[in-house]
Amino acid sequence: MSKRNRTRSQRSSEEVPTRNEPWINKRTGLWVVGIVGLALGIYTGWQFYPAIGFWKALLWGVGSAAAIWLVYGLSYLVNVTVRR
């Protein structure tokens, strides 16, 4: 057996992760969604502030951050439902 075939057979014997496992863990996902939601909320409020004032801009920022969390929650719910 040549050296090339031996390395190929060693690679095939290693464990391959299954497709049922998530590609990132839940804690990392929550951190990413939290940072993205916060950044989007701040950016949205900052863009709206000159046009509509502080309080309405704050509401738009909170609403956009909540929308990110809503999308994350719905996708998590679908994922949990499908992978039973």
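Residues numbered from 1 in each chain as written. Predicted model: local features only at pLDDT ≥ 70, side-chain atom pairs only at ≥ 80, totals over all residues. Heavy atoms only, no water.

Lay out a nonpolar patch on the surface in plain terms, naming residues and giving numbers.
Together, Tyr 49, Phe 54, Trp 55, Leu 58 and Val 62 give the surface a local cluster of nonpolar side chains, amounting to about 590 Å² of exposed area. Considering each element in turn, the nonpolar patch owes the most residues, four residues, to helix H3 (residues 54–82). For Tyr 49, a relative accessible area of 47% puts it in the partly exposed group. (Patch = residues over 30% accessible without salt bridge, like charges linked within 9 Å, V, L, I, M, F, W, Y side chains within 5 Å. Areas by Shrake-Rupley, 256 points an atom, 1.4 Å probe, with all protein chains shown as cover. Salt bridge = Lys/Arg side-chain N within 4 Å of Asp/Glu carboxyl O. Helix = DSSP H or I, 4+ residues; strand = E, 2+ residues; numbered from the N terminus. Buried < 20%, exposed > 50% of the residue type's maximum accessible area, 1.4 Å probe, protein only.)

Give me H3: which residues, what numbers.
Here H3 is 29 residues long and its end C-alpha atoms lie 42 Å apart, about the 42 Å a rise of 1.5 Å per residue gives. Within H3, burial applies to Ala 57, Gly 61, Ser 64 and Ala 65. (Expected span 1.5 Å × (residues − 1).)

Give a detailed account of the packing of aromatic side chains, specifying residues and quantitative values.
Between two aromatic rings, the relevant description is the distance of the centres plus the angle of the planes. Tallied over the full model, the rule gives six aromatic pairs. Seen in terms of ring centroids, Phe 48 and Trp 60 are 5.1 Å apart; in terms of plane orientation they differ by 40°. Their pairing is tilted. Taken as a pair, Phe 48 in helix H2 (residues 26–52) and Trp 60 in helix H3 lie far apart in primary sequence, 12 residues in all. With a centroid separation of 4.9 Å and 80° between ring planes, the pair formed by Phe 54 and Trp 55 is classed as edge-to-face. (Phe/Tyr/Trp six-rings, centres within 6.5 Å; stacked < 30°, edge-to-face > 60°.)

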